[in-house]
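Listed below, chain by chain, are the residues.
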Amino acid sequence: MEELPLLRCDILTIFPEMVAHAARFGVLRRAQDSGKVSLRAINLRDFAVDRHRTTDDYPYGGGAGMVMKPEPFFRAVRAIAAQAKETPRVILLTPQGRTLRQRDCERLSLERHLVLLCGRYKGVDERVRTALVDEEISVGDYVLSGGELPALILLDAVVRLVPGVLSDAESALGDSFSEELLDAPYFTRPACYEGWEVPETLRSGNPRRIARWRRREALRRTWLRRPDLLERAALGEEDLQLLQEVREEHERALQRSLF
Ligand SMILES: C[S@@+](CC[C@H](N)C(=O)[O-])C[C@H]1O[C@@H](n2cnc3c(N)ncnc32)[C@H](O)[C@@H]1O
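Residue numbering note: each chain is counted from 1, following its sequence as written. Thresholds applied to this predicted model are a pLDDT of at least 70 for local features of residues and 80 or more for the giving and counting of side-chain atom pairs; totals over whole chains, interfaces and linings are not thresholded and use all residues.

Brief notes about the overall build of the protein
Part 1 of the argument: In DSSP terms, a helix is any run of H or I states spanning at least four residues, a strand is any run of E spanning at least two, and both are numbered starting from the N terminus. Tallying secondary structure elements over the protein gives 9 helices and 9 strands in all.
Part 2 of the argument: Here the C-alpha radius of gyration of the protein, 23 Å, is well above what a compact globule of 259 residues would show, namely 18 Å.
Part 3 of the argument: Principal-axis analysis of the C-alpha atoms gives the protein an extent of 75 × 55 × 40 Å.
Part 4 of the argument: In the protein, buried positions account for 28% of the 259 residues. As a reference, a globule follows 2.2 Å times the number of residues to the power 0.38, and the radius of gyration itself is taken over C-alpha atoms. The exposure label follows from counting other C-beta atoms within 10 Å of a residue's C-beta, where the C-beta atoms are placed from the backbone and the thresholds are 20 or more for buried and 12 or fewer for exposed, leaving partly exposed in between.

The following block contains the structure:
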């Protein structure tokens, strides 16, 4: 019997080729090839109501720029929902949404069916947001010209967390933000490059020492670069001790630099 995908995702856009092309590479590609994930880039124009397949119009009240019409979104989402076994979760990509975080990606990777709405121009008719959308997501405090790149960012971050998509070797365990910590630094061969040595511990072959080193460096990075994350991290006794060591090291380095 054919295995059903764990996650379906439909992306509504006026540039389906842009999304489909980007999804042909790397993890997104393999996730689809393995059957674990099914992605469809759907052309909003196919759901337009006129023979010119219009998807945008002038804003009421005047002003520069076009607005994406409601009908294609309503018709497309309703057609998708009518065919779906389970109610899909509809997400609007918008700079006004909540900023995407790793824990959102973890949550969304457990959904069965996502529908992503991509805006263009001045954005999407407000009635789409009020009537169709379950969640509004932003990829950061800046404005892009369309929702396709944000949709791809969300997809990439979510699909790699769908169970079985990443191999053991690629595991997302330890990636930045997975435990509200930044990841440790990585090195590969050669062991010495232009005089810069790979830390001895990483070459020691001792798994316990290596794990401890990685944890300490992850804590160090987070403390130095993103102390806000540390406030939310669930740290154990050993973490607190490693963090203390790191702080003392930096204190000593500071004292040395002063005298
Ligand atoms: C030029 S933007 C519209 C911006 C809108 N007038 C505003 O200021 O909120 C066009 C489309 O790009 C997408 N977009 C732009 N920036 C985004 C961001 N930071 N996160 C998510 N989507 C974004 C949205 O789909 C949006 O409808």
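Read on, since the account is not over.
Quick notes on the pairing of strand 1 (residues 7-13)
Both faces of the sheet carry side chains from a regular strand, because those side chains alternate between them.
Part 1 of the argument: Burial analysis of strand 1 places 7 of its 7 residues in the buried class, which makes it a mostly covered element.
Part 2 of the argument: Residue alternation in strand 1 divides its side chains into two sets, Leu7, Cys9, Ile11 and Thr13 and Arg8, Asp10 and Leu12, and both sets are buried.
Part 3 of the argument: Pairing geometry for strand 1 and strand 2 (residues 37-43), over 7 bridges, is parallel. In the strand pairing of strand 2, leucine 12 is matched with isoleucine 42. Two strands make a pair as long as DSSP finds a minimum of two bridges between them.

What to know about the packing of helix 7 (residues 207-225) against helix 9 (residues 237-258)
Part 1 of the argument: Lines fitted to C-alpha atoms define the axes here, with helix axes fitted over just the stretch in contact, and angles between the N-to-C directions of these axes take values from 0 to 180 degrees. At their nearest, the axes of helix 7 and helix 9 sit 9 Å apart, and the two run at 65° to each other. Read as a crossing pair, helix 7 and helix 9 show a hand that is right-handed. Residue-level contacts link Arg215, Arg216, Leu219, Arg220 and Trp223 of helix 7 to Asp239, Leu242, Leu243, Glu245 and Val246 of helix 9.
Part 2 of the argument: Under the scheme applied here, ten amino acids are nonpolar (Ala, Val, Leu, Ile, Met, Phe, Trp, Tyr, Cys and Pro), four are charged (Asp, Glu, Lys and Arg), and all others, including Gly, are polar. Residue composition of the contact of helix 7 with helix 9, by class: 5 nonpolar, no polar and 5 charged. The sense of a crossing depends on the near helix, which, turned anticlockwise from the far helix by less than a right angle, makes the crossing left-handed and, turned clockwise, makes it right-handed. Two residues form a contact once the distance between their C-beta atoms, set from the backbone, is within 7 Å.

Structural notes on the domain arrangement of the protein
Part 1 of the argument: Domain annotation of the protein identifies domain 1 (7-167) and domain 2 (192-258).
Part 2 of the argument: Where each domain starts and ends follows an automatic or database-derived domain assignment. Each of domain 1 and domain 2 has a C-alpha centre, and the two are 40 Å apart.

Remarks on the nonpolar core
Part 1 of the argument: Core membership is restricted to buried Ala, Val, Leu, Ile, Met, Phe, Trp, Tyr and Cys residues, and these are joined into a nonpolar core through C-beta atoms within 7 Å. Judged by nonpolar contacts, the single largest core of 45 residues is most densely connected at Ile11, Leu12, Ile91, Leu116, Leu117 and Ala151.
Part 2 of the argument: Counting residues per element, the ones that place at least two in this core are strand 1, helix 2 (26-33), strand 2, helix 3 (70-83), strand 5 (89-99), helix 4 (102-108), strand 6 (113-118) and helix 6 (148-159).
Part 3 of the argument: For this core, the element with the highest residue contribution is helix 6, accounting for 7 residues.
Part 4 of the argument: Apart from residues no more than four positions distant in its own chain, isoleucine 91 is found in contact with Leu114, Val115, Leu116, Leu117, Asp134, Glu135 and Ile137.
Part 5 of the argument: Judged by nonpolar contacts, the second largest core, of 6 residues, contains Leu181, Ala184, Leu219 and Leu242.

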